[in-house]
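Spelled out, the chains give:
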Amino acid sequence: MSQGGYVLIADDHPLTREGLALAARAAMPGVAPISAGTVEQAEQALASRRAVRLILLDFVLPDSNGYSGFMRLQMASRSSPIVIVSGREEVGLIEAARALGAAGFIFKSDPLDNIAEKLRRIDAGASIFPSEGSPDSV
């Protein structure tokens, strides 16, 4: 695990962005959060920074439909792991995220400490996806 760097948080709700920034700072010492409210703003942020350590992407953003935002950010930053953050707890969405190459899928309903622990594990190279019968699977 490296120290510092940037974590890009793309969510259209400022309070959610701040909560995810707190979790990211707790999970990854020295990380600097970058906030974006749309996929377009996230793409601009990626273009202006060399290394983004992790991308946290809200599944529902004003300028994306389904996984289009994920695919746009995947193309804009081929080396940064992308974690889907969603209020929708649907098995089909989770499996699609895994199939498309997401590093993880985190529920917005998770407590902040749990989100921080999941981000710490993802930063260490784990893939974190909810599964039936257990809170996470690696």
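Now for a quick tour of the structure. On a predicted model such as this, the values are computed, not experimentally measured, just so you know. (Residues numbered from 1 in each chain as written. Predicted model: local features only at pLDDT ≥ 70, side-chain atom pairs only at ≥ 80, totals over all residues. Heavy atoms only, no water.)

### As for the overall build of the protein
Item 1. When helices and strands are counted, the protein shows five helices and seven strands.
Item 2. From first element to last, N terminus to C terminus, the protein shows the α and β order β-α-β-α-β-α-β-α-β-α-β-β.
Item 3. Over its C-alpha trace the protein gives a radius of gyration of 13 Å, about what one expects of a compact globule, namely 14 Å for 138 residues.
Item 4. Viewed in the frame of its principal axes, the protein has a C-alpha envelope of about 40 × 30 × 25 Å.
Item 5. Sequence separation of 24 or more characterises 62% of the internal contacts of the protein that already satisfy a separation of 6 or more.
Item 6. The distance from the centre of the 13 positive side-chain charges to the centre of the 16 negative ones in the protein is 7 Å. (Helix = DSSP H or I, 4+ residues; strand = E, 2+ residues; numbered from the N terminus. Rg over C-alpha atoms; globule rule 2.2 N^0.38 Å. Contact = heavy atoms within 4.5 Å. Lys, Arg positive; Asp, Glu negative; His and termini not counted. Charge placed at Lys NZ, Arg CZ, Asp CG, Glu CD.)

### What about the sheet that holds strand β5 (residues 104–107)?
Item 1. A sheet is described by the order of its strands in space; here five strands give the open sequence β2-β1-β3-β4-β5, paired in parallel fashion. Of all strands in the sheet, those bounded by a partner on one side alone are β2 (32–36) and β5. Along the sheet, successive strands turn relative to each other by an average axial angle of 20°, direction set aside.
Item 2. With respect to the sheet, helix α2 (residues 39–47) is in contact with β1 (6–10), β2 and β3 (52–58), its orientation differing from that of β1 by roughly 165°.
Item 3. Helix-sheet contacts for helix α5 (residues 112–123) involve β3, β4 (82–86) and β5, and the interaxial angle to β5 is about 175°. (Pairing = 2+ DSSP bridges. Axes fitted to C-alpha atoms, helices over the stretch in contact; angles between N-to-C directions.)

### Description of the packing of helix α1 (residues 14–27) against α5
Item 1. Close contact between α1 and α5 brings their axes to 8 Å; oriented N to C, the two are set at 50°. For the element pair α1 / α5, the angle class is oblique. As α1 runs across α5, the sense of the crossing is right-handed. Counting all contacts with α1, which are made through G19, L20, L22, A23, A24, A26 and A27, the residues of α5 involved are L112, I115, A116, L119 and R120.
Item 2. Grouping the amino acids of the contact of α1 with α5 by side-chain chemistry returns 10 nonpolar, one polar and one charged. (Parallel < 35°, antiparallel > 145°, perpendicular 65-115°, else oblique. Left-handed = near helix turned anticlockwise from the far one by under 90°. Nonpolar A, V, L, I, M, F, W, Y, C, P; charged D, E, K, R; others polar.)

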